[in-house]
2 protein chains.
Amino acid sequence: MAAANGVELRPHIKTHKIPEFAVEQRKAGSKGITVAKVSEAEVMAEQGIDDIFIAYPIVVPSKIDRVIALAKQNRISVGVDNVEGARALSKKAEEANLRLQVRLEIDTGLKRTGISPDDVLEAGRAVSQLPGVELNGIFTFKGAVLRGEATTDLEAAGREEGWIMVEAANRLRSAGIDIRHVSVGSSPTAPFAAAVKGVTEIRPGTYIFNDRMLLRMGVCEREDIAAKVRVTVISVPSPFRAVIDGGSKTFATDVQPGKPPLFMEGFGEIVGHPDAVLERMNEEHGIIVSTAPHGLNIGDTLDIIPNHICSTVNLHNAVWLKEDGQWRQIPVSARGMLA
Amino acid sequence: MAAANGVELRPHIKTHKIPEFAVEQRKAGSKGITVAKVSEAEVMAEQGIDDIFIAYPIVVPSKIDRVIALAKQNRISVGVDNVEGARALSKKAEEANLRLQVRLEIDTGLKRTGISPDDVLEAGRAVSQLPGVELNGIFTFKGAVLRGEATTDLEAAGREEGWIMVEAANRLRSAGIDIRHVSVGSSPTAPFAAAVKGVTEIRPGTYIFNDRMLLRMGVCEREDIAAKVRVTVISVPSPFRAVIDGGSKTFATDVQPGKPPLFMEGFGEIVGHPDAVLERMNEEHGIIVSTAPHGLNIGDTLDIIPNHICSTVNLHNAVWLKEDGQWRQIPVSARGMLA
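Fair warning: this is a prediction, and the values are worked out from it, not measured in the lab. (Residues numbered from 1 in each chain as written. Chains lettered and ligands numbered in written order. Predicted model: local features only at pLDDT ≥ 70, side-chain atom pairs only at ≥ 80, totals over all residues. Heavy atoms only, no water.)

## Some points on the overall build of chain A
No. 1: Counting its regular elements, chain A contains 10 helices and 18 strands.
No. 2: The C-alpha atoms of chain A give a radius of gyration of 22 Å, which matches the 20 Å a tight globule of 339 residues would have.
No. 3: With the principal axes as the frame, chain A shows a C-alpha extent of 70 × 40 × 35 Å.
No. 4: Within chain A, buried positions represent 57% of all 339 residues.
No. 5: Within chain A, contacts between residues separated by at least 24 positions form 65% of all contacts whose residues are at least 6 apart in sequence.
No. 6: Total accessible area on chain A stands at roughly 13600 Å², and carbon and sulfur atoms take up 48% of it.
No. 7: Across chain A, 39 positive and 43 negative side-chain charges occur, with their mean positions spaced 3 Å apart. (Helix = DSSP H or I, 4+ residues; strand = E, 2+ residues; numbered from the N terminus. Rg over C-alpha atoms; globule rule 2.2 N^0.38 Å. Buried < 20%, exposed > 50% of the residue type's maximum accessible area, 1.4 Å probe, protein only. Contact = heavy atoms within 4.5 Å. Areas by Shrake-Rupley, 256 points an atom, 1.4 Å probe, with all protein chains shown as cover. Lys, Arg positive; Asp, Glu negative; His and termini not counted. Charge placed at Lys NZ, Arg CZ, Asp CG, Glu CD.)

The structure is reproduced here in structure tokens:
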């Protein structure tokens, strides 16, 4: 899809945090990778990935030092969303005698980090005048959001994302700033944002595995889901209730307060049991309820498609990979970093 | 409180998963510990904790083997909530020439695992006739639940928990089964359940740190909260919004679908900023909103009291302990086990 649209693919590895998978993504044509943390960049760089975009404002001095150390050995670029942070990066880069590539983050509607499109020219000018950094791109993350609200209209969301970014890039260029990278999110919106003329790069993450959220959004088919959680039935209190040995320490529950999981009932899809819902979770218990008798027995194993695979993988120290019929354990090396 | 009520304290270590803290709990008078997983029991036993109750139905054959191996070296008891599981334990114990202590789990209203009080006599009789196990106790976990609904009336919830258990124990005793342990939950209900005559043991977990949930329930005071998450402000998009470097991979979000976090607004209490709410989280971003100007600057550090400390600790490979003014890192050794 990236090739068809003539854009570069720079997958976000926060979904898997596994260097081996980043290497595979590289082999499959990705330009480099995206990370959210300096520690993720360090783990990936150690394993030979050398073109890394840290899509996160790095403002803590000790972390800036680590970015500089990485940038001496690897092709590194860093996100900035304010002039103050860019100044701190610039100062340390100058001291180290290098020019750090930075990209300005634009808020295209998620209201998280990022410069408002209205302020992009002012911020861009200020950053581009700093001696230790080279502002050569802009980036955003928006997701399935349209006019500030969650949406199922991914095409409209992706197009809006692309248009805002291209417009921002052109404004910066008109001020003489050489914006070469116009980089957009996300697994649900990338196909539509990539099609906007002027977008140069997409950074989807979840697509490597897919999950129930993407399935429900229509972004993937059920057979495209590569990661599941295997659990065991440990109690069958009634024909309509069963308990599995996976709860909130096994499945990410990241829902927003006061809102149901987006488009979904329960905390995961129980493969082969369409009537059963993973309705409640405690730490080590998942409570399955079913309107029809579930037919489950103690000791049965179930595969569950998690609502959100990124934060679910983050709960586990390793995953099992099935390759040519063989199972192999792979550590989630870039999780659990202490800084 | 346990001593005042003449009951034994067997704290649940799933809250901290740190052997050193279990040792401290032992020194402070606990009788033994409670765990939820065989792997937790193994890690704790390795560090010299030898009286361990695995409060979970163990039904997977390979895990039963590990329980038996542990029970050869340590004082181990195991929860059972069905005759089938008890039979599997009994068979393996017999083969190993030992008699495994088991406790029957009673459902006192949470509708999770556990035998219904109506069925306790039948299940107890069947389990007590198995040659490889010795049924010597009953246990329950109920939490702040009354008549099937979340409640703030902890006294009523705790009393109900105690009454149901004592009644069940007496029924089993009347059938000749020597029930020596009548064991109840939980940090919020323990003070009230422990006061019920006939209860012999409490198994609170969260009390070692406390958290925002317990604070809001009135179970602890703010100065009793021992565990906080320290984060850095990484973006200040407006005087009313700030972004921190902790999101759903840092703070547990375990809320129930369609419901707000119990009694709480947002995903944690921001110490010193009563007007600010940790309103939204993505994986590496926490979005703070405030009705009054928050006054936060990029680089500021904040301490946040998590809603639920147990599942928050589980996200981190280590914690920092402040002792006599010195900070020391301690690994969360029993987290991230692969089976």
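## Points about the relation of the copies chain B and chain A
One copy of the chain maps onto the other through a rotation about an axis plus a displacement along that axis.
No. 1: Note on the copies: chain B fits chain A at an RMSD of 0.0 Å, the axial shift is 0.0 Å, and the rotation between them is 180°. Such a combination of turn and shift is consistent with a two-fold rotation axis.
No. 2: A shared interface surface links the copies, since 100% of the contact residues of chain B are contact residues in chain A too. (Least-squares fit on C-alpha atoms with pLDDT ≥ 70 in both.)

## Overview of the sheet that holds strand β14 (residues 276–281) of chain B
All names here are of chain B.
No. 1: A sheet is described by the order of its strands in space; here 6 strands give the open sequence β13-β16-β11-β12-β15-β14, paired in antiparallel fashion. Two strands in the sheet have a free side with no partner beyond their single neighbour: β13 (268–270) and β14. Taking each pair of neighbouring strands and ignoring which way they run, the sheet shows an average axis angle of 40°.
No. 2: As defined by bridge partners, β14 adjoins strand β15 (residues 286–290) across 5 bridges and the pair is classed as antiparallel. The residue of β15 that forms the bridge with M281 is G286. (Pairing = 2+ DSSP bridges. Axes fitted to C-alpha atoms, helices over the stretch in contact; angles between N-to-C directions.)

## A few points about the interface of chain B and chain A
No. 1: On the chain A side, the residues contacting the 61 residues of chain B number 61 residues.
No. 2: Summed over both partners, the interface of chain B with chain A comes to about 4800 Å²; 53% of that surface belongs to carbon and sulfur atoms.
No. 3: On the surface where chain B and chain A come into contact, there are 3 salt bridges.
No. 4: K63 of chain B is the partner of D245 of chain A in a salt bridge, and the nearest nitrogen-oxygen pair spans 4.0 Å.
No. 5: On the surface where chain B and chain A come into contact, there are 28 residue pairs in polar contact (both at pLDDT 80 or more).
No. 6: Taken together, the elements giving at least two residues each to the side of chain B that touches chain A come down to β3 (51–57), β11 (229–238), β12 (241–244), β14 and α9 (309–313) of chain B. (Buried area = accessible area lost by both parts, 1.4 Å probe. Salt bridge = Lys/Arg side-chain N within 4 Å of Asp/Glu carboxyl O. Polar contact = N/O pair within 3.5 Å; in protein donor to acceptor, adjacent residues only side chain to side chain.)

## Some remarks on the packing of helix α3 (residues 61–73) of chain B against helix α4 (residues 83–95) of chain B
Residues and elements named next belong to chain B.
No. 1: Two numbers describe how α3 lies on α4: the axes approach to 10 Å, and their chain directions differ by 50°. Judged by the angle between their axes, α3 and α4 are oblique. The interaxial crossing formed by α3 with α4 has right-handed handedness. Between α3 and α4, the residues in contact are P61, I64, D65 and I68 and A88, L89, K92 and A93, respectively. (Parallel < 35°, antiparallel > 145°, perpendicular 65-115°, else oblique. Left-handed = near helix turned anticlockwise from the far one by under 90°.)

## Side note on unusual backbone geometry
Trans is the common state for peptide bonds, and a negative phi is the common state for residues other than glycine.
Residues and elements named next belong to chain A.
No. 1: One non-glycine residue with positive phi stands out, namely K17, at about 55°.
No. 2: Mapping K17 onto the fold places it in the loop between β1 (8–9) and α2 (19–27).
No. 3: With phi around 65°, N210 is a residue other than glycine that occupies positive phi space.
No. 4: If you trace the backbone, N210 turns up in the loop between β10 (201–202) and α9 (212–217).

## Examining the sheet that holds strand β4 (residues 75–80) of chain A
Residue and element names in this part refer to chain A.
No. 1: Across the sheet, 8 strands lie side by side as β1-β10-β9-β6-β5-β4-β3-β2; this open sheet has parallel pairing. Each of the sheet's edge strands pairs with one partner strand only, and the pair in question is β1 and β2 (33–35).
No. 2: Sheet strands in contact with helix α3 (residues 38–46) are β2 and β3 (51–57), and its direction is about 175° off that of β3.
No. 3: Along the sheet face, helix α6 (residues 120–128) touches β5 (100–105) and β6 (133–139) and points at about 170° away from the line of β5.

## A short note on α3 of chain A
Residue and element names in this part refer to chain A.
No. 1: Most of α3 sits out of view: 7 of its 9 residues are buried.
No. 2: Those residues of α3 that fall on the buried side of the exposure criterion are V38, S39, E40, A41, V43, M44 and A45.
No. 3: Here the buried face of α3 lies against α2, β2, β3 and α4 (61–73).

## Points about the domain arrangement of chain A
Residue and element names in this part refer to chain A.
No. 1: Domain annotation of chain A identifies domain 1 (2–208) and domain 2 (222–331).
No. 2: On a C-alpha basis, the centroid separation for the pair domain 1 and domain 2 is 33 Å.
No. 3: The largest per-residue losses of area from domain 1 upon contact with domain 2 belong to T15, I18 and E20, which jointly make up 40% of the total buried on that side.
No. 4: Across the domain 1-domain 2 interface, the total number found is 1 salt bridge.
No. 5: The partner of R328 in a salt bridge is E20, with the nearest N and O atoms 2.8 Å apart. (Domains from an automatic or database assignment.)

## A look at the packing of aromatic side chains
Residues and elements named next belong to chain A.
No. 1: One pass over the structure, following the stated rule, counts 4 aromatic pairs over all chains.
No. 2: For the ring pair F21 and F209, a centre distance of 6.0 Å and an interplane angle of 75° mean the geometry is edge-to-face. Of the two residues, F21 is situated in helix α2 and F209 in the loop between β10 and α9; the sequence distance between them amounts to 188 residues. As far as burial versus exposure is concerned, F21 and F209 are alike and both buried.
No. 3: Sitting over the face of the ring of F53, R103 holds its NZ or CZ atom 4.4 Å from the ring centroid. (Phe/Tyr/Trp six-rings, centres within 6.5 Å; stacked < 30°, edge-to-face > 60°. Lys NZ or Arg CZ within 6 Å of the ring centre and 35° of its normal.)

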